[in-house]
Amino acid sequence: MEKQPRLLASQLFLKNSVFEVLLNGVLLTWKEIPANKKVVSGSIHHPFKVGTSHSVSVSEILAVRELDVGGGTNDDGRWQKMPQKLTEAYPYAFTVSYVERARQHRWRCSDVTFHCSDGALRQQWIQTIREQLTALITEHANHARDHLKTEAELKKYDGVVCVGGDGMFSEIVHGLVSRTQRDNGVDQNSPEEKLVPCSLRIGIIPAGSTDCICYATVGINDPVTSALHVIVGDSQPMDVCSVHHNNTFLRYSISLLGYGFYGDVLADSERKRWMGPARYDFSGFKTFLTHHHYEGAVSFLPATDILGTPRDKTRCRAGCFICQHNGQLYSGDSPDESKTAPDVSDREYEVGWGVVRGKFLAINAASMSCACPRSPMGLSPAAHLADGTTDLILVRKCSRFNFLRHLLRHTSKDDQFDMTFVEVHRVRRFRFTPRHCQNDSELDLRENGKQLFSQICRDHPACSCSPAYSSWNCDGEILPHAAIEVGVHCQLIKLFARGIEEQPLFEDLANPPCAL
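Predicted, not measured: the structure shown is a model, and the values here were computed from it. (Residues numbered from 1 in each chain as written. Predicted model: local features only at pLDDT ≥ 70, side-chain atom pairs only at ≥ 80, totals over all residues. Heavy atoms only, no water.)

## Describing the overall build of the protein
Heads up, the condition is: Only runs of H or I of at least four residues qualify as helices and only runs of E of at least two qualify as strands under DSSP, and these elements are numbered from the N terminus. For the exposure calls, accessible area comes from a 1.4 Å probe over protein chains only, and a residue counts as buried if that area is under 20% of its type's maximum, exposed if over 50%, partly exposed in between. Residue contacts are counted whenever heavy atoms from the two residues lie within 4.5 Å of one another. For every accessible area listed, the method is Shrake-Rupley and the probe measures 1.4 Å; residues are considered covered only by the protein chains on display.
When helices and strands are tallied, the protein shows 12 helices and 19 strands. Counting all 516 residues of the protein, 49% fall into the buried class. Taking contacts inside the protein between residues at least 6 apart in sequence as the whole, the part at least 24 apart equals 73%. Looking at the protein as shown, the accessible area adds up to about 26,300 Å², and 52% of this sits on carbon and sulfur atoms.

In structure tokens form, the structure reads like this:
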């Protein structure tokens, strides 16, 4: 084996002894220096044999982080108070987490903590080790997104795999898509811009509360199944929606954009995070009882000359012919896509565009079925992953009883669109403008409350408690604006998946024909 160049070497303190610690591109090694030096008093359990060398493959290092020496250490999973003389002589420390083999082929996470007397040396070790890692342990919100946008050397990798829920997946998508557009000189703030597809595939090992992405692309939120799709190297293209306000990019949406009911549920639940997961049920019930409706205009560009409709019985499955056909149709520049959205003050129907005005309980845009354990069929059962469209669902003002009927149909196989107050359109783009800001493109939901409620009192003198605006729920994140423009970008990303496979396939494999 070719000898690896040494990246870093230092004498560091570990478990009451001084060790020679070496790092190269393959191994992290530490070996105890013969005890001819003074040993710090305050003995701690010594897990290593004197004089022996220990090494960890760099590919099996999981993370490295700073350690607050005064707060204790956690090398063997138990909190320990460090001796005072040790903390005074070696006030800086860092912990390396790595894979350790256990019995019966089990793997476990283990830690080793090194102490040093120089803060600059500690930072040098942390930085050098992190440069060798292929795994990133996120430490705060949007850590993964920011790392992919700015720091990661993407040319070295074939894909990005994350462990988490739909929120973590959204971070990865935002990081990769934004980085790809920046590298190709694409202006994300322009709603008319054609985005460049990402070259890296994304893998997601489900560990969230709903895991809608896994349900829509694999059919189940099973970590082993998702990991095997990554190992096999499957590839499933997916559409991504870009959301803009006044020619300013806001966010990307992969699964659901919801205004009204779903936006109110999210906004209320964010104020009750202390309740844990139960806050979603509580906020959902509360929002249903309040029964707020919102007035505005929705203009949309219908998807024409395509296969499939939102109300057919065709489901998006592995090797989906509709996604292949429509994907090829929209792979080039479509002349319809370049048309700008009509202003709501224009006549009712511009060429190719439709406009719907009214009072809505909910406005939803589903780019996939949005199926989950509580809603096996999802918000739009016939939505497709990679056909270049999104299903725009408009739920008009109705009674609480009728709205409850609509919500309950999400949990059954009944046609949830077969109601007089519900309409659905398969669209390429759409735009929503609340009634009270149709002439004010600068509406910001964070503006002063007095200004909002003064408008409410003028338009609703009999019921000043009714809000004029809802919030947009964009894949679990609240958007700051109510007036938005949304465009679908066909097959912008690819996942380590193959779509949901038809169940009869497994039944045939489980019962092979008998050989005579």
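## Considerations on the packing of aromatic side chains
The test is simple: Two rings belonging to Phe, Tyr or Trp (six-membered ring only in the last case) form a pair when the distance between their centres is within 6.5 Å. Interplanar angles under 30 degrees mark stacking, angles over 60 mark edge-to-face geometry, and anything in between is tilted.
Counting across every chain of the model gives 14 aromatic pairs. Both rings, one in Phe288 and one in Phe403, keep their centres 6.5 Å apart while their planes meet at 15°; by these two values the pair is stacked. In this pair, Phe288 sits in helix α8 (residues 278-290) while Phe403 sits in helix α10 (residues 400-408), placing the two residues 115 residues apart along the sequence. Overall, the relative accessible area of 14% leaves Phe288 in the buried class. Each ring, one from Phe432 and one from Trp472, has its centre 5.9 Å from the other, and the planes form 75°; the classification is edge-to-face. Taken together, the residues Phe432 in strand β16 (residues 422-434) and Trp472 in strand β17 (residues 472-474) connect sequence positions 40 residues apart. Trp472 carries the same exposure label as Phe432, and that label is buried. An aromatic cluster of at least three residues, connected via ring pairs, comprises Trp30, Phe94, Tyr98, Phe114 and Trp125.

## Re the packing of helix α3 (residues 143-151) against helix α4 (residues 166-183)
Heads up, the rule is: For helices, the fitted line uses only the C-alpha atoms of the stretch in contact; every axis is such a line through C-alpha atoms, and the angle between N-to-C directions lies from 0 to 180 degrees. What sets the label is the angle itself: under 35 degrees gives roughly parallel, over 145 gives roughly antiparallel, 65 to 115 gives roughly perpendicular, and the rest give oblique. For any pair of crossing helices, the crossing counts as left-handed if the nearer helix is rotated counterclockwise from the farther one by less than a right angle, and right-handed if it is rotated clockwise. Nonpolar residues are Ala, Val, Leu, Ile, Met, Phe, Trp, Tyr, Cys and Pro. Charged residues are Asp, Glu, Lys and Arg, and all others, Gly as well, are polar.
Where α3 contacts α4, the two axes come as close as 7 Å, and the packing angle between them is 15°. Judged by the angle between their axes, α3 and α4 are roughly parallel. Handedness of the α3/α4 crossing: right-handed. Where α3 approaches α4, its residues His143, Ala144, Arg145, Leu148, Lys149, Thr150 and Glu151 are matched on the opposing element by Met168, Glu171, Ile172, His174, Gly175, Leu176, Ser178, Arg179 and Arg182. In terms of residue class, the contact of α3 with α4 is made up of 5 nonpolar, 5 polar and 6 charged.

## Considering the nonpolar core
Convention followed: Among buried residues, those of type Ala, Val, Leu, Ile, Met, Phe, Trp, Tyr and Cys that are joined through side-chain atoms within 4.5 Å constitute a nonpolar core.
Core analysis: the biggest nonpolar cluster contains 58 residues, and Phe169, Leu176 and Ile493 have the highest contact counts within it. Looking at which element gives the most residues to this core, the answer is α4, with 6 residues. If sequence neighbours within four positions are ignored, Phe169 has contacts with Cys162, Ile202, Ile204, Ile213, Ile254, Ile493 and Leu495. The next biggest cluster of nonpolar side chains, apart from the first, holds 26 residues, and it includes Leu257, Phe360, Ala482 and Val486.

## Observations regarding the side chain of Ser97
Using the following cut-off: Counting of polar contacts relies on pairs of N or O atoms within 3.5 Å, with two restrictions inside protein: one atom must be capable of donating a hydrogen and the other of accepting it, and residues adjacent in sequence are counted only when both atoms are side-chain atoms.
You can see Ser97 is positioned in strand β6 (residues 92-101). Only 2.9 Å separates the side chain of Ser97 from the side chain of Arg65, close enough to count as a polar contact. Aside from chain neighbours lying at most four places away, what touches Ser97 is Glu60, Ile61, Leu62, Ala63, Arg65, Cys109, Ser110 and Asp111.

## Some thoughts on the packing of α8 against α10
Where α8 meets α10, the closest approach of the two axes is 10 Å, and the angle between their N-to-C directions is 145°. Here Phe288, Leu289 and Thr290 of α8 lie close against α10, whose contacting residues are Arg400, Phe403, Leu404 and Leu407. Along the lines of polarity and charge, the residues of the contact of α8 with α10 split into 5 nonpolar, 1 polar and 1 charged.

## Some points on unusual backbone geometry
Although it is not a glycine, Lys15 adopts a positive phi angle of roughly 50°. Relative to the elements of secondary structure, Lys15 occurs in the loop between β1 (6-14) and β2 (17-24). The backbone of Asn246 shows a phi angle near 55°, a positive value even though the residue is not glycine.

## Notes on α3
Our working rule: Here the arc refers to the set of directions running from the helix axis out to each C-beta atom.
Every buried residue of α3 is listed here: His143, Ala144 and Leu148. Projected down its long axis, α3 shows its buried positions confined to an angular sector of 125°, all on one face. Of the surrounding elements, those touching the buried residues of α3 are β8 (159-164) and α4.

## Brief notes about the side chain of Ser178
Note on placement: Ser178 falls in helix α4. For Ser178, a relative accessible area of 7% gives the class buried. The contact partners of Ser178, leaving out residues within four places of it in the chain, are Lys149, Val173, Gln188 and Tyr252.

## Overview of empty space enclosed by the protein
Unoccupied space between atoms shows up once a probe the size of one water molecule is rolled over them. The following threshold applies: Here a cavity is any set of points on a 1 Å grid over the protein atoms alone where a 1.4 Å probe fits but cannot get out, and a pocket is any open set with protein on both sides within 12 Å along at least 5 of 7 lines; a residue lines the site when it has an atom within 4 Å of a point. Grid points are joined across faces, edges and corners, and a volume is the space filled by probe spheres set on the points.
Applying the stated rule across the entire model yields 8 cavities of 30 Å³ or more. The computed volume of the largest cavity comes to approximately 120 Å³. In the lining of the largest cavity, the residues fall into 5 nonpolar, 1 polar and 7 charged.

## Some details on the layout of surface pockets
Estimates place the volume of the largest pocket at around 1,900 Å³. Contributing to the lining of the largest pocket are 49 residues, with Thr210, Tyr262, Val265, Tyr280 and Asn473 lying nearest its centre. Of all the elements in the fold, those that place two or more residues in the lining of the largest pocket are α4, α5 (212-217), α7 (261-270), α8, α10 and β18 (477-478). When the residues that make up the lining of the largest pocket are grouped by side-chain class, the tally is 21 nonpolar, 16 polar and 12 charged. Approximately 1,200 Å³ is the volume found for the second largest pocket. Taken together, 35 residues line the second largest pocket, and the ones lying closest to its centre are Leu133, Thr134, Ala135, Leu136 and His147. For the lining of the second largest pocket, the elements supplying multiple residues, two or more each, are β5 (61-67), α2 (119-132), α3, β8 and α4. Top element by residues in the lining of the second largest pocket is α3. It accounts for 6 residues. Looking at the lining of the second largest pocket residue by residue, the classes come out as 19 nonpolar, 8 polar and 8 charged.

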